[in-house]
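Residue-level listing of the chains:
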Amino acid sequence: MAARTRTKSGARGRSGKAAVKAVGRRRSGQSAYQTVHDLLIRRESVGVGLWVIALLLIPWVSPLLPPLIDLRDRVVSTFALLTFAWIALLAWAGWLVVRDEQARLWSRWKPWAVGVLAALFLMGFFGFFAPRWHLGNVPMTRHSAGGDIGRELVSNPLGLLIWLAAGIAAFALAAPETAAAAMREAPNAARTAWGWRIPHRIGLATKRGFEFIFPTRATPKGSVQVPLESVLWAQSSGAATADEEDAKTDEEAAVQASLFPELDAATEEEDDAPSVTVDAKGNRRSRDGWQLPSMDVLADKAPVENGRSDSAVRASVIEETLASFGVDAKVVQVNEGPTVTQFGIEPGWDIKTRTVMERDRDNKPVPDKDGRPKTRTEEVSRTRVRVQQITSLANDIALAMAAPSIRIEAPVPGKPVLGIEVPNTTLGLVTLRSVVQSAQFQKQSSKSKLTIALGQSVAGEAVVADLARMPHLLIAGATGSGKSVCMNAIISCVLMHASPAEVRFVMIDPKRVELSAFRPIPHLAFSNIVVEMDQVVGTLQAVIQEMEARYRKFAAIAVRNIEGYNRSPRAGDKLPYWVVIIDELADLMMAAPFEVERQICRLAQLARATGIHLVVATQRPSVDVITGLIKANFPTRIAFAVSSMVDSRTILDMAGAEKLLGRGDMLYMAPDAAKPKRLQGVYVSDEEIERLVGFWTQERFADIERPVFDSLLDEAKAALEAEGASDDMFERAKELALEHNRVSTSLLQRRLRIGYPRAARLMDLLEEAGVVGAAEGGGSREVRQAEARTLDVPEELPF
């Protein structure tokens, strides 16, 4: 039996060797066609054929047949850089076929799906670039690095959606668990990354890297992009000659100049030199030739104060304090300012969970190694932490930070965070020169002579404003909060960049000492600073008459505002801007409330177009001083530290100013802002003001004649006297006096609703008529009732 077995196996082995030797050899009785057929259908031949195809796809290989070159170039132009992926795939497939492992090619579908989607995503990504080199005979500048497919994907919105979907699907199929986790954390990560500007930086770095690797062909020098409409119009009107075009252009320019003369003037003004220039000697000069003060009159740098707390430590304290009250939030942004540090808080999630017992297929508890049932924690709901939960903890955060008070801005304008403003241990000083020399101020001052430096924000950025666009400013704050320094800074900014021919000041200082340092400057519209209360109403009336006179000048040459008047060639001398400075509104409202309120409101409503702007300050922000009518006409407001929330609401219509720190810490409400912005105001020392005033009072400016508008005061006084000459008002004053034993000027003001000057004149008339006695040194006078009843009204009044 064994012998027979060996015989059979040996025979089988000999037959197998014979079969191997017979491979590739023509058998007896077999035709040549059959032999070639057996060779071509072999597995090894298929693998070698795949290698040959991969070799022919290499862009720099030149086949012998031209049709193969055209076919290869079509493949390269379609896939571009992805052609090398096809070469690698064909080579790998040929290797598997030769080794008889071709089953691995279709054993699993996921690698093929991931590969197709990833290839589609890569072609779209490379489609954004058109490098300046060739793949064989194919230029990449025409087909892009991703080929025609990549170019089509990124050239239309639908293709972009397909490209993004392919990338996301490839990532989800390749790493499903990681993709699921990324989808859960994507919103938080996206907000954090956007807040740190990570996408912008990555995109910029990627763009620079690929432009370095795949440089794009630059536009030839001298090339001009011509609109398609002009090309079509030129083709349709080919009969027009160059002379006709020139004549048409000149005719259109003449018509435009006749219809819109201000456009040419505006164009000429844009071509002029900047508003402040530097001559050969290094002196700053205005556009009209006046020499301006040098920057050296201002202090260079503020003294450096050390001792500022570490922001990272304080940020961790805020997070721990919020976590101790069950509020999930984290600090994502820190802005260090001169006075406060703003911590940007991103609210977290309020997650509710439950404990679930693990069970097997038979619904029985699964025990752990100790025999106890296994449990797991499941998320039931996830809701965002409300803003109110954080703002209600303001006092607790201040206690943890050991701060006197904190201010929470919810939310920060333009950012998806809450701002917790914590005072610094040492208050920084913002000098006027540091803000004036900033890029923001230089850019704004080139457009307007009324550019003012306000201070620095909580992020340390310079904040400037244009008084011409405000157009009026209301400043309020308690004593010592920085109100007077702010007004000095506003005046100093204008004096640094404007000549007396460009800006004039009207200063009203009931305190007599706040604005006295600016008395010698040549920028005053009147001879002196107004300090007497009986001159205030006349001064404001003179400003109103100047406003009305300017409107008449505008109407005469058909312009709408002071800018158009100064640009118009038909105008005479250019009109300067007027800035009316009122240091203490409360004193004016106590002396003549009705007249002052009426005049201020009229100026605020009408004076903007004439170049007259108001800057009004008060240290008593109550409703009887800052009335509703005044607030409605002053959209731009600055609030310094006040004593109560009521005063803050009176100024800003919201709370917040009561939490300011003083010493220039302020809230600035811009006319186009919904919320006030916290700033540290600029500081101007008395020495800087003396140097600035000393420059403008030098002898070289003494010979320059500057117009003074004191005649307006005389006209206003005469108009007020003519307005006060009324028998009816005298009769009402006499009847009011006869109703009392003693009468005062303030009583006439309140009961007759007139101003102080008119009430004082009526009191003098009553004295002359014998109705009241002479002044006794007090505020009231005795009424002579017995004599007054027999007196008649004088036929003619002395005024």
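Structure first, text after, so check above.
Residues numbered from 1 in each chain as written. Predicted model: local features only at pLDDT ≥ 70, side-chain atom pairs only at ≥ 80, totals over all residues. Heavy atoms only, no water.

Peer 1: Report on the overall build of the chain, specifying residues and quantitative values.
Peer 2: The secondary structure content of the chain amounts to 32 helices and 22 strands. Relative to its 799 residues, the chain shows a buried fraction of 41%. Excluding contacts between residues fewer than 6 apart, the proportion of contacts in the chain whose partners are at least 24 apart in sequence is 64%. If you sum the accessible surface of the chain, you get close to 44,600 Å²; carbon and sulfur atoms cover 56% of it. (Helix = DSSP H or I, 4+ residues; strand = E, 2+ residues; numbered from the N terminus. Buried < 20%, exposed > 50% of the residue type's maximum accessible area, 1.4 Å probe, protein only. Contact = heavy atoms within 4.5 Å. Areas by Shrake-Rupley, 256 points an atom, 1.4 Å probe, with all protein chains shown as cover.)

Peer 1: Outline helix 8 (residues 147-154), supporting the account with residue identities and numerical values.
Peer 2: The periodicity of an α-helix, 3.6 residues per turn, causes residues three or four positions apart to be oriented the same way. Those residues of helix 8 not exposed but buried are Gly147, Gly150, Leu153 and Val154. End-on view of helix 8: buried residues confined to an arc of 85°, all on one side of the axis. Residues of helix 8 that are buried make contact with helix 4 (66-79), helix 6 (110-126), helix 7 (140-143) and helix 9 (157-174). (Arc of directions from axis to C-beta.)

Peer 1: So what about the sheet that holds strand 10 (residues 407-409)? Which residues, and what values?
Peer 2: With respect to topology, 4 strands assemble into an open sheet ordered 6-7-11-10, the strand pairing being antiparallel. On the outer flanks of this sheet lie strand 6 (329-336) and strand 10, each paired with one strand and no other. Each strand axis lies, on average, 25° off the axis of its neighbour in the sheet, ignoring direction. Both strand 6 and strand 7 (residues 340-347) contribute to a ladder of 7 bridges, which runs antiparallel. Opposite Gln333, over in strand 7, you have Gly344 as the bridge partner. Packing against the sheet, helix 15 (residues 311-324) makes contact with strand 6, strand 7 and strand 11 (418-423), and its axis sits at approximately 40° to strand 7. (Pairing = 2+ DSSP bridges. Axes fitted to C-alpha atoms, helices over the stretch in contact; angles between N-to-C directions.)

Peer 1: Tell me about the nonpolar core, residues and numbers included.
Peer 2: Counting residues in hydrophobic clusters, the biggest one holds 66 residues, and the most contacted among them are Leu454, Ile475, Phe505, Met507, Ile581, Val615 and Ile638. Per element, the largest residue contribution to this core is 9 residues, and it comes from helix 20 (residues 483-497). When sequence neighbours within four positions are dropped, the list of residues in contact with Met507 reads Ile491, Leu515, Phe518, Ile521, Leu524, Ile529, Val530 and Ile581. (Core = buried A, V, L, I, M, F, W, Y, C linked by side-chain atoms within 4.5 Å.)

Peer 1: Before we move on, can you summarise the packing of aromatic side chains with the specific residues and values?
Peer 2: Applying the stated criterion across every chain, the model contains 7 aromatic pairs. Measuring from ring centre to ring centre gives 5.7 Å for Phe79 and Trp86, while their planes differ by 65°; the resulting arrangement is edge-to-face. Residue classification places Trp86 among the partly exposed residues on the basis of a relative accessible area of 38%. Seen in terms of ring centroids, Phe121 and Trp163 are 5.1 Å apart; in terms of plane orientation they differ by 10°. Their pairing is stacked. You can see Phe121 sitting in helix 6 and its partner Trp163 sitting in helix 9, a full 42 residues away along the chain. Feature note: the residues Tyr551, Phe554 and Tyr565 constitute an aromatic cluster, connected by ring pairs. The ring of Trp349 has Arg382 lying over it, and the distance from NZ or CZ to the ring centre is 5.6 Å. Directly above the ring of Trp349 sits Arg384, whose terminal nitrogen or CZ lies 4.1 Å from the centroid. (Phe/Tyr/Trp six-rings, centres within 6.5 Å; stacked < 30°, edge-to-face > 60°. Lys NZ or Arg CZ within 6 Å of the ring centre and 35° of its normal.)

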